[in-house]
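# Understanding the architecture of this molecule
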Amino acid sequence: MNAIVSFMKRHYKKILIVLIAAVGLWSFMPKSKDGDPEKDKLLLELLTYVIEKGHYSPSEINDTFSKGVYKEYIEALDPSKRFFLQSDIDEFAQYETKIDDQIVNRDLTFFNLTYERLIQRMEESRAYYKEILDKPIDYKVDESINTDYENAPYCKNVAELKERWRKQIKLSTLASLVEKQKLQEKGTDKKEVKVEVKTYEQLEKETRENALKSLNENFDFIKDLTRADWFSVYINAITTRFDPHTSYFAPEDKERFDVSMSGKLEGIGARLQKKNDYTEITELISGGPAWRGKELEAGDVVLKVAQGNGEPVDVVGMRLDDVVKKIKGPKGTEVRLTVKKQDGSLKVISIIRDEVEIEETYARSSIVEKNGVKYGIIYLPKFYIDFENKDSRDAAKDVAIEVERLKNAGVEGLIVDVRDNGGGSLKTVVDISGLFIDQGPIVQVRSAAGRKEVLYDRDPKVAWDGPLVIMTNEFSASASEILAAAMQDYKRAVIVGSKQTYGKGTVQNVIDLNQFVRGSTVGDLGALKTTTQKFYRINGGSTQLDGVKSDVVMPDKYAYLEMGERDIDNAMPWDKIDPAPYNTWSNQPNYDFALANSIKRISASPQLKLIDENAKWLDNRNDITTYSLQIDKYKQEQKQLDEMNKKFKAISEYKNNFEFKSLPNEEEQMKTDVTLKEKRERWHENLSKDIYIEEAIHVLDDLQNGANKGVSNKVKKEKLLKS
């Protein structure tokens, strides 16, 4: 997980695609170029005060804390060590044990110094890469590059820094050049389109031009960042030292969080991205006002935005966040977009903003058959809820609806898939768990003061009393772990998945910072998400660090990599409390039979053995950080990699021979909704290549028919002996 977070920190602005329905998602701080030092000081004071008063176990703000903030912040600013010089770090280092004092005294000296130096170094770096890419690169020189930037020293001078840039660019362009040569040898590209034959010199020049364009775009994104954006990085380096899940939300970040939790927003219903100076529509959200209007299309470029009958504002060259602000707005209001269509024509499109549901957020289900028996699959990407409107849809209500629909369709077993589900609302996971048991405790929660609360399902109704499988992986976290743990402790379901889940056993609350400074003139201060409680299984154990261990453990490609909470240096510790009284589920006669059969299938599966071998290979590859920059040696290295990739290609080409279908209500909807139809077909295709869902179906089948199979085999054996 650290590797993924690190990658996102390095590239988040470049890969930014804003989900707008005009959503101001993916924004950071209020966008004043110069920032507001008084507001920054007030934020420092407020954040530390609220954390110290409300955090489950607040760290002491001392020299050790200061060192942690310093390390995390500097790494966040320059993870590949291609901006700062060693002299900069020497200058910064005098503050390594003083940040704690500066926090207390509302002193911005360290931040101001690092921010100004970073902007200076980034601007200087533009000249470095432009100079490097201005002339042909010699790939015959026998040299190499070490990409272990975490352990690399900072460059002593500009000459060393330019050399680091040169090697980084050479590696990137070399990879591109070799790929172009491969396609030329093949004669067609990945889409089987005929490739134009070019000379080596033409290909080499083309790779440099593409690299220059990419770097220019990247630096343009960086240039768009304001002082406030970088202050947000500093603030979060402070908050995350209390624990990995305590963080600051700037006002627009808070809005993004609310949208991600509810799956709803008000706007036009489109996804946007920045391309050079232009803002392009990349997708329309099914059911949204833009989708219903049928005038706006993917590929349209937004040139101007007007509010109702107001004067249109030119948005060419404008920050993506600021374009989003102009397009978003309350339900019922009008926005007029002047767009350039793909045929070059200009068109003014009027759209009345409305509430938009982000379909990808919500639970969805599918039906699959094995030997004439129907089984249901519910995929739950998040435990969503609308905190502002209790009557709005949430994960628990939607899962209950899907369960009822699947029952009406005649399914005899149910899979709930929470793979990659990072959590969400505690209330919804309690309610969802309650669908599968009659009554009883679901999770225990303890506050900082040591007060314990048991959260119960008090509804005696059981929505589904048949065989149940919960699917998890190493990215199933928080609420997903509560569901899996409760069903495991009750022996209500078989947990199928990775060796263990992510290991996040803490509860966060979002606190509005504006309530502490009523009447302030500094504007919206945003919110703080801070850890206020820990949750525990009903058996008393914590999922913190340990996660939930699967009943059926299946190999996966990340099995040997450090990706869980247990691999984060300042994660909260594991502990346990007294168990809550509960009775295990009695209506699961084939539980042991299903587990035993699954173990046999997994140990005999060539595909799973290949996946495990691939996982070990990836773990070994993770330690390789040195690459040749000499073209022939690089090609030889790539050839060896290609040979291994050929061996592991069977993993992606696997088919499980099951056919997955949508429920009748959705089949009807897809007749008029092409986008939904495409998404469901893509999902079903992925399910048909999924060996994990295949094993879950087999386990479900054993839970449903295990006793009958046992009797059938016994009868056959007796008949054989008699004959």
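Residues numbered from 1 in each chain as written. Predicted model: local features only at pLDDT ≥ 70, side-chain atom pairs only at ≥ 80, totals over all residues. Heavy atoms only, no water.

### Some points on the overall build of the protein chain
For the protein chain, the count of helices and strands is 21 helices and 23 strands. Over its C-alpha atoms the protein chain spans a radius of gyration of 28 Å, differing by no more than 12% from the 27 Å that the globule rule assigns to 723 residues. In terms of its C-alpha atoms, the protein chain occupies a principal-axis envelope of roughly 90 × 70 × 55 Å. Within the protein chain, the fraction of its 723 residues that count as buried is 53%. Of the contacts formed within the protein chain by residues at least 6 apart in sequence, a portion of 77% connects residues at least 24 apart. Just so you have it, the protein chain exposes about 33900 Å², and 50% of that area is on carbon and sulfur atoms. Measuring between centres, the 112 positive side-chain charges of the protein chain sit 3 Å from its 121 negative side-chain charges. (Helix = DSSP H or I, 4+ residues; strand = E, 2+ residues; numbered from the N terminus. Rg over C-alpha atoms; globule rule 2.2 N^0.38 Å. Buried < 20%, exposed > 50% of the residue type's maximum accessible area, 1.4 Å probe, protein only. Contact = heavy atoms within 4.5 Å. Areas by Shrake-Rupley, 256 points an atom, 1.4 Å probe, with all protein chains shown as cover. Lys, Arg positive; Asp, Glu negative; His and termini not counted. Charge placed at Lys NZ, Arg CZ, Asp CG, Glu CD.)

### Quick word on the packing of helix H13 (residues 395-408) against helix H14 (residues 426-434)
Packing of H13 against H14 leaves a shortest axis separation of 8 Å and a crossing angle of 25°. Regarding the angle of H13 to H14, the classification is roughly parallel. Residue-level inspection shows Ala395, Ala396 and Val399 of H13 in contact with H14, the latter providing Thr428, Asp431 and Ile432. (Axes fitted to C-alpha atoms, helices over the stretch in contact; angles between N-to-C directions. Parallel < 35°, antiparallel > 145°, perpendicular 65-115°, else oblique.)

### Structural notes on the environment of Glu131
Relative to the elements of secondary structure, Glu131 occurs in helix H6 (residues 109-132). For the pair formed by Glu131 and Lys162, sequence separation is 31 residues and the distance between their alpha carbons is 9.6 Å.

### A closer look at the packing of aromatic side chains
Scanning the entire structure with this criterion turns up 22 aromatic pairs. Pairwise contacts between aromatic rings join Tyr70, Tyr73, Tyr95, Phe110, Phe111, Tyr115, Phe231 and Tyr234 into one cluster. Against the face of Trp683 rests Arg364, its NZ or CZ located 4.8 Å from the ring centre. (Phe/Tyr/Trp six-rings, centres within 6.5 Å; stacked < 30°, edge-to-face > 60°. Lys NZ or Arg CZ within 6 Å of the ring centre and 35° of its normal.)

### Observations concerning the nonpolar core
Formed by 57 residues in total, the largest nonpolar core has its most connected members in Phe110, Trp165, Trp230 and Leu513. Looking at this core, the elements that each hand over two or more residues are helix H2 (37-54), helix H3 (63-77), helix H4 (86-93), helix H5 (99-104), H6, helix H7 (158-186), helix H8 (200-224) and helix H9 (227-239). In terms of residues, this core owes the most to one element, H6, which gives 9 residues. Phe383, Val454, Ala484 and Ala486 belong to the second largest nonpolar core, which has 48 residues in total. (Core = buried A, V, L, I, M, F, W, Y, C linked by side-chain atoms within 4.5 Å.)

### Regarding the pairing of strand E6 (residues 278-284)
Bridging between strand E5 (residues 270-275) and E6 involves 6 bridges; their strand directions are antiparallel. Within E6, the position partnered with Lys274 by the bridge is Thr279. Taken together, E5 and the strand that follows it, E6, pair antiparallel across an intervening segment of 2 residues, in which Asn276 is found at a positive phi of about 55°. Judged from the 2 bridges that link them, E6 and strand E7 (residues 301-307) form a sheet pairing that is antiparallel. Across the sheet, the residue bridging to Glu280 is Val301, located in E7. (Pairing = 2+ DSSP bridges.)

### What about the sheet that holds strand E21 (residues 552-553)?
Within the open sheet, the 7 strands sit side by side as E21-E18-E17-E14-E13-E12-E23. Their pairing is mixed. The open sheet has two edge strands with one neighbour each: E21 and strand E23 (660-661). Two elements, strand E13 (residues 373-379) and strand E14 (residues 414-417), share 4 bridges in a ladder whose sense is parallel. Looking at the pairing, Tyr379 lines up with Asp417 of E14. Helix H20 (residues 674-688) contacts strand E12 (364-370), E13 and E23 of the sheet and is inclined by roughly 45° relative to E12.

### Brief notes about unusual backbone geometry
We note that Lys491 has phi near 55°; this positive angle belongs to a residue other than glycine. Note on placement: Lys491 falls in the loop between helix H15 (479-489) and strand E18 (494-497). According to the relative accessible area criterion, Lys491 is partly exposed, its value standing at 42%. For Leu545, which is not glycine, the phi torsion reads 70° and is therefore positive. On the secondary structure map, Leu545 appears in the loop between strand E20 (527-536) and E21.

### A short note on the pattern of salt bridges
All chains considered together, the criterion is met by 51 salt bridges. Its salt-bridge partner being Lys162, residue Glu131 comes within 3.8 Å of it at the nearest N-O pair. On the criterion of sequence distance, the pair formed by Glu131 in helix H6 and Lys162 in helix H7 is long-range, its members being 31 residues apart. Using a relative accessible area of 44% as the deciding quantity, one classes Glu131 as partly exposed. One salt-bridge network, held together by shared partners, links Asp88, Glu91, Arg117, Arg121 and Glu124. (Salt bridge = Lys/Arg side-chain N within 4 Å of Asp/Glu carboxyl O.)

### Considerations on the environment of Phe219
Mapped onto the elements of the fold, Phe219 is located in helix H8. A relative accessible area of 3% means that Phe219 is categorised as buried. Once the C-alpha coordinates of Phe219 and Met122 are considered, the two residues, 97 residues apart in sequence, prove to be 8.2 Å apart. Among residues more than four places away in sequence, those in contact with Phe219 are Phe83, Met122, Ser125, Arg126, Tyr129 and Trp165.

### Looking at the environment of Glu295
Within the secondary structure layout, Glu295 lies in the loop between helix H11 (289-293) and E7. Placed 136 residues apart in sequence, Glu295 and Ala159 show a C-alpha to C-alpha distance of 54 Å. Other than its neighbours up to four places away in sequence, Glu295 contacts Asp300, Lys341, Lys347, Ile349 and Ser350.

### As for the confidence of the model for the protein chain
As a general rule, the predicted coordinates of low-pLDDT regions are not to be interpreted in detail. Looking at the protein chain as a whole, its pLDDT mean stands at 88, while 92% of the residues score no less than 70. Segment residues 1-33 is flagged for pLDDT under 50; beyond a separation of four residues in sequence, or across chains, it makes 112 contacts in the model. Predicted confidence is poor over residues 710-723, with pLDDT under 50, and the contacts of this stretch with residues over four places away or in other chains come to 0 contacts. (pLDDT = per-residue confidence, 0-100.)

### Let's talk about H9
Between its terminal C-alpha atoms H9 stretches 18 Å, which fits the 18 Å expected from 13 residues at 1.5 Å a residue. In terms of residue burial, H9 counts as a mostly covered element, since 12 of its 13 residues are buried. Along H9, the positions that sit buried rather than exposed are Arg227, Ala228, Asp229, Trp230, Phe231, Ser232, Tyr234, Ile235, Asn236, Ala237, Ile238 and Thr239. (Expected span 1.5 Å × (residues − 1).)

### Concerning the packing of H4 against H6
When two helices pack together, their arrangement is given by the angle between the helix axes and the distance between those axes. At a closest axis distance of 11 Å, the pairing of H4 and H6 adopts a crossing angle of 170°. One finds that H4 runs roughly antiparallel with respect to H6. Contact with H4, carried on its side by Asp88, Glu91 and Phe92, involves Phe110, Leu113, Thr114, Arg117 and Arg121 of H6 and no other residues of that element. Class assignment of the residues belonging to the contact of H4 with H6 gives a composition of 3 nonpolar, 1 polar and 4 charged. (Nonpolar A, V, L, I, M, F, W, Y, C, P; charged D, E, K, R; others polar.)

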